[in-house]
Amino acid sequence: MLVLGIESTAHTLGIGIVNGEGQILTETRAVYTPSEGGIHPREAAEHHQKHALAVLQRALEEAQVPLDKIKGIAFSQGPGLPPALRIGAVIARSLAGALKIPLLGVNHCVAHIEQARYFCQAKNPLVAYLSGGNTQITTLETGRYRIFGETLDIALGNMLDMFAREAGLHHPGGPKIEKLAQQSTGDYQELPYTVKGMDLAFSGLLTAAKRLLSKGTRLETVCYSLQETAFAMVAEVVERALAHTRREEVIATGGVAANARLGEMLQIVASEHSASFDSVPLQYAGDNGAMIAYNGLLLLKARKSIPLSESTILPKWRLDQVDIPWEV
Ligand code: ATP
Ligand code: FE2
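Residues numbered from 1 in each chain as written. Chains lettered and ligands numbered in written order. Predicted model: local features only at pLDDT ≥ 70, side-chain atom pairs only at ≥ 80, totals over all residues. Heavy atoms only, no water.

**Student:** So what about the coordination of the iron ion (ligand 2)? Which residues, and what values?
**Tutor:** Taken together, the protein donors to the iron ion (ligand 2) comprise His108 (NE2), His112 (NE2) and Asp287 (OD), at separations of 2.0 to 2.2 Å. Each donor residue of the iron ion (ligand 2) lies on the same chain, and together they follow the pattern H-x3-H-x174-D. In this pair, His112 sits in helix H3 (residues 108-120) while Asp287 sits in the loop between strand S12 (276-279) and helix H9 (289-301), placing the two residues 175 residues apart along the sequence. Note on Asp287: relative accessible area 8%, which makes it buried. (Donors = N, O, S within 2.8 Å, 3.2 Å for Na, K, Ca; no water. Helix = DSSP H or I, 4+ residues; strand = E, 2+ residues; numbered from the N terminus. Buried < 20%, exposed > 50% of the residue type's maximum accessible area, 1.4 Å probe, protein only.)

**Student:** Kindly report on the layout of surface pockets, identifying the contributing residues and their values.
**Tutor:** In this structure, the largest pocket occupies an estimated 1400 Å³ of space. Lining of the largest pocket is provided by 50 residues; of these, His11, Ser131, Gly132, Gly133 and Asp161 occupy positions nearest its centre. Elements that contribute at least two residues to the lining of the largest pocket include exactly strand S3 (24-31), H3, strand S7 (135-141), helix H4 (156-166) and helix H5 (173-182). Looking at the lining of the largest pocket element by element, the count peaks at five residues for H4. Split by domain, the lining of the largest pocket shows at least three residues from each of two domains, domain 1 (2-112 + 286-327) and domain 2 (122-284). The volume enclosed by the second largest pocket comes to roughly 290 Å³. Gly105, Leu299, Lys304, Ile306 and Trp317 are the residues nearest the centre of the second largest pocket, which is lined by 17 residues in total. Secondary structure elements with two or more residues in the lining of the second largest pocket: strand S5 (103-107) and H9. Looking at the lining of the second largest pocket element by element, the count peaks at four residues for S5. The residue makeup of the lining of the second largest pocket, split by class, is nine nonpolar, five polar and three charged. (1 Å grid on protein atoms, 1.4 Å probe; cavity = no way out; pocket = protein on both sides within 12 Å on 5 of 7 lines; lining within 4 Å. Points joined across faces, edges and corners; volume = space filled by probe spheres on them. Domains from an automatic or database assignment. Nonpolar A, V, L, I, M, F, W, Y, C, P; charged D, E, K, R; others polar.)

**Student:** Please provide a residue-by-residue account of the packing of aromatic side chains, values included.
**Tutor:** Across all of its chains, the model carries three aromatic pairs by this definition. Ring plane angle 80 degrees and centroid distance 5.4 Å describe the contact between Tyr118 and Phe119, whose orientation is recorded as edge-to-face. For Tyr118, a relative accessible area of 28% corresponds to the partly exposed category. A relative accessible area of 28% means that Phe119 is categorised as partly exposed. Clustering of aromatic rings is evident, with ring pairs tying together Tyr118, Phe119, Tyr284 and Tyr294. (Phe/Tyr/Trp six-rings, centres within 6.5 Å; stacked < 30°, edge-to-face > 60°.)

**Student:** Just give me the short version of the state of the cysteines, but keep the residues and values in it.
**Tutor:** Note on terminology: disulfide describes a covalent bond linking the sulfur atoms of two cysteines. Scanning the model with the defined rule gives zero disulfides in all. Sulfur of Cys109: no disulfide; nearest cysteine sulfur belongs to Cys120 and is 17 Å away. (Disulfide = S-S within 2.5 Å.)

**Student:** Describe the sheet that holds S7, listing the residues and the values that go with them.
**Tutor:** Strand pairing in a sheet relies on backbone hydrogen bonds, with the paired strands running either antiparallel or parallel. Strand order in the open sheet formed by five strands is S8-S7-S6-S11-S12, and the pairing between neighbours is mixed. Edge positions in the open sheet fall to strand S8 (144-150) and S12, since each of these has one partner strand only. Along the sheet, successive strands turn relative to each other by an average axial angle of 25 degrees, direction set aside. In this sheet, S7 lies alongside strand S6 (residues 126-130) in antiparallel orientation, the contact comprising four bridges. In the sheet register, Ala128 faces S7, and the bridge partner there is Ile137. Sitting on the sheet, helix H8 (residues 260-272) is in contact with S6, strand S11 (249-253) and S12, with an inclination near 160 degrees to S12. (Pairing = 2+ DSSP bridges. Axes fitted to C-alpha atoms, helices over the stretch in contact; angles between N-to-C directions. Contact = heavy atoms within 4.5 Å.)

Shown next, in the form of structure tokens:
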């Protein structure tokens, strides 16, 4: 049972194919990088449209499967940037229609989490989903993901990207900040630490970090202090959610999960609660088509394909609004 998945919520046009066991036969992508500033939604959409055919052809070649062997077409239905989402939806509808096979509408956040759960071989973990657009601490409970804590303003990855831009670093900023932080001498400068109940806020931290930089503090020092503060905030919420849920596994996913220092902190928190910790493999921390294909497979097995009339994009589709029909 082969399923093809299309990812197009933001910067990445990704196509993946998985087999009936969830194994990835191919994962190909074209990534839009803005020439300056943040992602421009229309430019991202134009990029995806331009590269769609080439990425699809490459995926089919790499997987060495003809299109007519595919049994389901999955796409990121939301959340995401509307113009970019529309491209993926159009490709998916066209393929499913032409091949007369089921169309599967996937929630991008659930896809990140389920792919991480698959790779980490976690049964029912506490999940830290930390990306460019999302910062959520969540677990699956009776048919829905329940969010224990999330950002009240901007996402962790977005905050890192905005700081990086201010510092003259190119998008995406997270990896560059990580490198610079590693080069610092460990001279921590105090920055605002904002945890409200179980939720987080990063905009005060961003403003203060920019101010520190403008006062002439070394960029390496600011990057280090920014990471230490932001990741400690996340670790605190993870710790409290872990104490409350008593889950035995913690996993991290989303682009920021690629950060080694973050992983180190979450590892400490998990082991203090006798829980295991694992992150999604680096290659799959960011957006990719294989996670959409895998989530599509889960939906196909649960007989949850959608008719064309229900395939409109859902730019604000929240993680905790998604019915999860599969067992853990
Ligand atoms: P979402 O999943 O919420 O739609 P997205 O698709 O933009 O968001 P991802 O592709 O999962 O997010 O992640 C991109 C983010 O991850 C960017 O903000 C980027 O700076 C950040 N990131 C990537 N690598 C690292 C790293 N090594 N350290 C910190 N942040 C990183
Ligand atoms: Fe993502």
